[in-house]
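Each chain is listed here by its residues.
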Amino acid sequence: MLELIPREKKLILFDGVCNLCNSSIQFVINHDKKDIFLFAPLQSKIGQEIISHFKIDTTKTDSIILYTEKTGIDYKSTAALKIAYYLGFPINLASIFLIVPPIIRNWFYDLIARNRYKWFGKKSECMIPTPELKSKFLN
């Protein structure tokens, strides 16, 4: 499964039925000028394989996960801020918040994650990429 990910790429696993998550993925796609990200819903086969392989507790992390060959798995606010870093200027300025202790950052992250369906809504099924974007998504 991890062999499907080219070494130079980074994989974002996201909640495929969450409207906020889907909007965030669209934002990343639109700003990924270096074409370094691949995507997969947590609910997909590869998403489930990675969750199992890394023994990820989805009761504690169920919205965004970043996998890179170099650093492995990042969760929650760390994943979001590292994604921002890779998107370049000015979005990468958000990565300065990595200096804030994760316990503080993740408190805010968890507040939004807990309420994301109530505040932003939920789809009945995972996002289906357009034909132009299909190569960026792993199944």
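Structure: above.
Scoring rules and cut-offs
- Residues numbered from 1 in each chain as written.
- Predicted model: local features only at pLDDT ≥ 70, side-chain atom pairs only at ≥ 80, totals over all residues.
- Heavy atoms only, no water.
- Phe/Tyr/Trp six-rings, centres within 6.5 Å; stacked < 30°, edge-to-face > 60°.
- Helix = DSSP H or I, 4+ residues; strand = E, 2+ residues; numbered from the N terminus.
- Buried < 20%, exposed > 50% of the residue type's maximum accessible area, 1.4 Å probe, protein only.
- Lys NZ or Arg CZ within 6 Å of the ring centre and 35° of its normal.
- Patch = residues over 30% accessible without salt bridge, like charges linked within 9 Å, V, L, I, M, F, W, Y side chains within 5 Å.
- Areas by Shrake-Rupley, 256 points an atom, 1.4 Å probe, with all protein chains shown as cover.
- Salt bridge = Lys/Arg side-chain N within 4 Å of Asp/Glu carboxyl O.
- Pairing = 2+ DSSP bridges.
- Axes fitted to C-alpha atoms, helices over the stretch in contact; angles between N-to-C directions.

A short note on the packing of aromatic side chains
At step 1: Under the criterion given, the structure shown has six aromatic pairs.
At step 2: Relative to Phe-137, the ring of Phe-39 lies with its centre 5.4 Å away and its plane at 35 degrees, an arrangement referred to as tilted. In this pair, Phe-39 sits in strand β2 (residues 37–41) while Phe-137 sits in the segment after α4 (102–120), placing the two residues 98 residues apart along the sequence. Of the two residues examined, Phe-39 and Phe-137, each falls in the buried class.
At step 3: When the ring of Trp-107 is compared with that of Phe-108, the centres are 4.9 Å apart and the planes differ by 90 degrees; the resulting orientation is edge-to-face.
At step 4: By way of ring pairs, the aromatic residues Phe-14, Phe-39 and Phe-137 are connected into one cluster.
At step 5: Positioned above the aromatic ring of Tyr-86 is the side chain of Lys-10, whose terminal nitrogen or guanidinium carbon lies 4.7 Å from the ring centre.
At step 6: Directly above the aromatic system of Tyr-117 lies the positively charged group of Arg-116, at a separation of 4.8 Å from the ring centroid.

Regarding a nonpolar patch on the surface
At step 1: Together, Ile-103, Ile-104, Trp-107 and Phe-108 make up an exposed nonpolar region whose accessible area comes to about 490 Å².
At step 2: If you trace the backbone, Ile-104 turns up in helix α4.

Considerations on the sheet that holds strand β1 (residues 10–14)
Working definition: the strands of a sheet are paired by backbone hydrogen bonds and lie parallel or antiparallel to each other.
At step 1: Within the open sheet, the four strands sit side by side as β2-β1-β3-β4. Their pairing is mixed. The outermost strands of the open sheet, each flanked by one partner alone, are β2 and β4 (72–75). Between one strand axis and the next, the sheet turns by 25 degrees as a mean value, whatever way the strands run.
At step 2: Across five bridges, β1 lies against β2 in parallel orientation.

Quick notes on the pairing of strand β3 (residues 64–68)
Within a regular strand, side chains alternate between the sheet's two faces.
At step 1: For β3, the buried fraction is high: five of the five residues fall into the buried class.
At step 2: The alternating pattern of β3 places Ile-64, Leu-66 and Thr-68 and Ile-65 and Tyr-67 on opposite faces, both of which are buried.
At step 3: As paired strands, β1 and β3 are joined by five bridges and run antiparallel to one another. Residue pairing for β3: Lys-10 is matched across the bridge by Thr-68.
At step 4: Across four bridges, the pairing between β3 and β4 is antiparallel.

So, the pattern of salt bridges
At step 1: A full pass over the atoms with the stated rule returns eight salt bridges.
At step 2: Among the ionic pairs, Asp-15 bridges to Arg-116, the shortest N-O distance being 2.8 Å. With Asp-15 in the loop between β1 and α1 (19–31) and Arg-116 in helix α4, this residue pair connects regions lying 101 residues apart in the sequence. Arg-116 shares its class with Asp-15; the two are buried.
At step 3: Across the pair Lys-136 and Asp-32 runs a salt bridge whose closest N-O atoms are separated by 3.6 Å. Placement of Lys-136 in the segment after α4 and of Asp-32 in the loop between α1 and β2 is noted, with a sequence separation of 104 residues between them.
At step 4: Given a relative accessible area of 6%, Asp-32 falls into the buried group.

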